[in-house]
Amino acid sequence: VQLQASGGGLVQAGGSLRLSCAASGRTFSGYAMGWFRQAPGKEREFVAAIRWSAGTTFYADSVKGRFTISRDNAKNTVYLQMDSLKPEDTAVYYCAADLRITLSMIRLPSSYDYWGQGTLVTVSS
């Protein structure tokens, strides 16, 4: 399984960005796909996740209502639409994938075996 994240950049507070995670190497039915972020000096934290087959979505409280995770089956790609960005959203964002993650584990980085390289999001005030 290979994951390729892209779409990061510099944006002003209140702006928007869309991150993409292109997945390859197998079909992703049954997988959970997650977005995590890590700010300097902080631990990696959960942002959002989606169960590929059902399309069920999960969000961290800090991004609920501002971020939207979605997937495109035809392109094997997961997106993270980020609106109303805040300076505290500044971090390196990572996409991750794994098979058969239970609901209780979906927010934990340790649940995911496959990770893409990070993409930097910087939100200026």
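Calculation criteria
Residues numbered from 1 in each chain as written. Predicted model: local features only at pLDDT ≥ 70, side-chain atom pairs only at ≥ 80, totals over all residues. Heavy atoms only, no water. Pairing = 2+ DSSP bridges. Helix = DSSP H or I, 4+ residues; strand = E, 2+ residues; numbered from the N terminus. Axes fitted to C-alpha atoms, helices over the stretch in contact; angles between N-to-C directions. Contact = heavy atoms within 4.5 Å. Buried < 20%, exposed > 50% of the residue type's maximum accessible area, 1.4 Å probe, protein only. Phe/Tyr/Trp six-rings, centres within 6.5 Å; stacked < 30°, edge-to-face > 60°. Salt bridge = Lys/Arg side-chain N within 4 Å of Asp/Glu carboxyl O.

**A look at the sheet that holds strand β7 (residues 67-72)**
Taken in spatial order, the four strands line up as β1-β3-β8-β7 in an open sheet, and their pairing is antiparallel. Pairing within the sheet leaves two strands with one partner each, and these edge strands are β1 (2-6) and β7. For this sheet the average axis-to-axis angle between neighbouring strands, irrespective of direction, equals 15 degrees. Of the pairings in the sheet, the one linking β7 to strand β8 (residues 77-82) comprises six bridges and is antiparallel in character.

**A closer look at the environment of Thr-56**
If you trace the backbone, Thr-56 turns up in the loop between β5 (45-51) and β6 (57-59). Put simply, Thr-56 and Ala-74 are 18 residues apart on the chain and 18 Å apart in space, counted from C-alpha to C-alpha. Sequence-distant contacts of Thr-56, that is, excluding residues within four places in its chain, are made with Ala-49, Ile-50 and Arg-51.

**Some thoughts on the pairing of β8**
Looking down a regular strand, the side chains alternate between one sheet face and the other. Most of β8 sits out of view: five of its six residues are buried. As paired elements, strand β3 (residues 17-24) and β8 share six bridges and run antiparallel to each other. Each residue of the ladder has a partner; that of Leu-19, found in β8, is Leu-80. Taken together, β7 and the strand that follows it, β8, pair antiparallel across an intervening segment of four residues, in which Asn-76 is found at a positive phi of about 50 degrees.

**A word on the packing of aromatic side chains**
One pass over the full model with this rule turns up five aromatic pairs. Plain terms: the ring middles of Phe-36 and Tyr-112 are 5.2 Å apart, the flat faces sit at 75 degrees to each other, and that makes the pair edge-to-face. Of the two residues, Phe-36 is situated in strand β4 (residues 31-38) and Tyr-112 in the loop between β9 (91-99) and β10 (114-115); the sequence distance between them amounts to 76 residues. Among the residues examined, Tyr-112 registers a relative accessible area of 4% and is labelled buried.

**Looking at the environment of Leu-80**
By secondary structure assignment, the location of Leu-80 is in strand β8. The exposure class assigned to Leu-80 is buried, which follows from its relative accessible area of 0%. Note: C-alpha distance between Leu-80 and Cys-95 (15 residues apart in sequence) is 9.5 Å.

**Some points on the pattern of salt bridges**
Per the counting criterion, the structure on display carries four salt bridges. Residue Asp-89 is joined to Arg-37 by a salt bridge in which the shortest nitrogen-to-oxygen separation is 2.9 Å. Of this pair, Asp-89 sits in the loop between β8 and β9 while Arg-37 sits in strand β4, and the two are 52 residues apart along the sequence. Assessed through its relative accessible area of 0%, Asp-89 is described here as buried. With a relative accessible area of 6%, Arg-37 lands in the buried category. When salt bridges that share partners are traced, they join Arg-37, Glu-45, Arg-66 and Asp-89 into one network.

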